Amino acid sequence: MEQKRQKFSEIKAGLDDAESLIRKIDLEARSLQPNVKAVLLAKLREYKSDLNNLKSEHKRLASANSNQAARDDLLESGMVDAMSVSANQRGRLMMSTERLNESSDRIKESRRTMLETEELGVSILQDLHQQRQSLLHANDTLHGVDDNISKSKKILTNMSRRMSRNKWIISSIIVVLVVAIALILYFKLSK
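The structure displayed is predicted, hence computed values, not measured ones.

## Re the overall build of the protein
Per the secondary structure count, the protein includes 3 helices and 0 strands. From first element to last, N terminus to C terminus, the protein shows the α and β order α-α-α. Sorting the 191 residues of the protein into buried and exposed places 19% on the buried side. Within the protein, contacts between residues at least 6 apart in sequence are counted, and of these 78% link residues at least 24 apart. Accessible surface computed for the protein: about 14,700 Å², of which carbon and sulfur atoms make up 59%.

## Description of the environment of Lys 108
With respect to the helices and strands, the residue Lys 108 is situated in helix α3 (residues 82–190). Taking the relative accessible area as the measure of exposure, Lys 108 reaches 58% and is therefore exposed.

## Observations concerning a nonpolar patch on the surface
Together, Val 175, Val 179, Leu 183, Tyr 186 and Phe 187 line one region of the surface with nonpolar side chains, adding up to about 510 Å² of accessible area. Mapped onto the fold, Tyr 186 is located in helix α3.

## A closer look at the environment of Lys 59
Here Lys 59 shows up in helix α2 (residues 34–79). Classification of Lys 59 as exposed rests on a relative accessible area of 60%. It is 9.4 Å that separates the C-alpha atoms of Lys 59 and Lys 12, two residues lying 47 residues apart in sequence.

## Focus: the nonpolar core
Within the largest apolar cluster, 20 residues are counted, with the highest numbers of intra-cluster contacts made by Leu 15, Ile 22, Leu 44 and Met 114. Every element with two or more residues in this core is listed here: α1 (2–30), α2 and α3. Tallying contributions element by element places α1 first for this core, with 8 residues. For Met 114, the residues in contact, after removing those within four places along its chain, are Ala 18, Leu 21, Ile 22, Ile 25 and Tyr 47.

## Re the pattern of salt bridges
Throughout the structure, instances matching the rule amount to 7 salt bridges. In this structure, Glu 19 engages Lys 55 in a salt bridge whose closest nitrogen and oxygen atoms are separated by 2.7 Å. With Glu 19 in helix α1 and Lys 55 in helix α2, this residue pair connects regions lying 36 residues apart in the sequence. Across the salt bridge formed by Glu 116 and Arg 112, the nearest N and O atoms sit 2.3 Å from each other.

## Considerations on the packing of aromatic side chains
Here the structure, examined in full by the defined rule, presents 1 aromatic pair. An angle of 65 degrees between the planes, with centres 5.7 Å apart, marks the rings of Tyr 186 and Phe 187 as edge-to-face. Judged by its relative accessible area of 55%, Tyr 186 is exposed.

Cut-offs and rules
- Residues numbered from 1 in each chain as written.
- Predicted model: local features only at pLDDT ≥ 70, side-chain atom pairs only at ≥ 80, totals over all residues.
- Heavy atoms only, no water.
- Helix = DSSP H or I, 4+ residues; strand = E, 2+ residues; numbered from the N terminus.
- Buried < 20%, exposed > 50% of the residue type's maximum accessible area, 1.4 Å probe, protein only.
- Contact = heavy atoms within 4.5 Å.
- Areas by Shrake-Rupley, 256 points an atom, 1.4 Å probe, with all protein chains shown as cover.
- Patch = residues over 30% accessible without salt bridge, like charges linked within 9 Å, V, L, I, M, F, W, Y side chains within 5 Å.
- Salt bridge = Lys/Arg side-chain N within 4 Å of Asp/Glu carboxyl O.
- Core = buried A, V, L, I, M, F, W, Y, C linked by side-chain atoms within 4.5 Å.
- Phe/Tyr/Trp six-rings, centres within 6.5 Å; stacked < 30°, edge-to-face > 60°.

Right under this line is the structure:
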């Protein structure tokens, strides 16, 4: 009987751990990208459903166990034949133990699946972090290129102004020289 109670408490602790893990994974999944989040939340709904089924099975077995204890007390008081009670008790006890073992196996399987899902979530978060770092690096590089383009534009604008100014200066010098040559020729020819 004591072993049975211990099994019940172990199963209860396992169910509580599983519920805590599901809550943690749920919080992590809600912070992911929509396409990944949808898949994980669908899995989580399945896990929650399985966990609720296991909890209800555990409660049913626990209440059956308490009912069994009450029956045992009645049987021990001599209301039913001792031999049939013993065989009946053994059969029920074996069935209850078998159900507990099955529930325990399901909880272990659910826990293993949740741990795998948690590992997958951690892996996805790491990939997202690496992608974020790559995007930040690309953004910094882009800003550097943008600054260089701005500097090049200023340099080209300054060069264009200087070329334009130099053209005016050369044109002015040519006009002055042509006027000077024309004056020299005029004075030489007029004498």
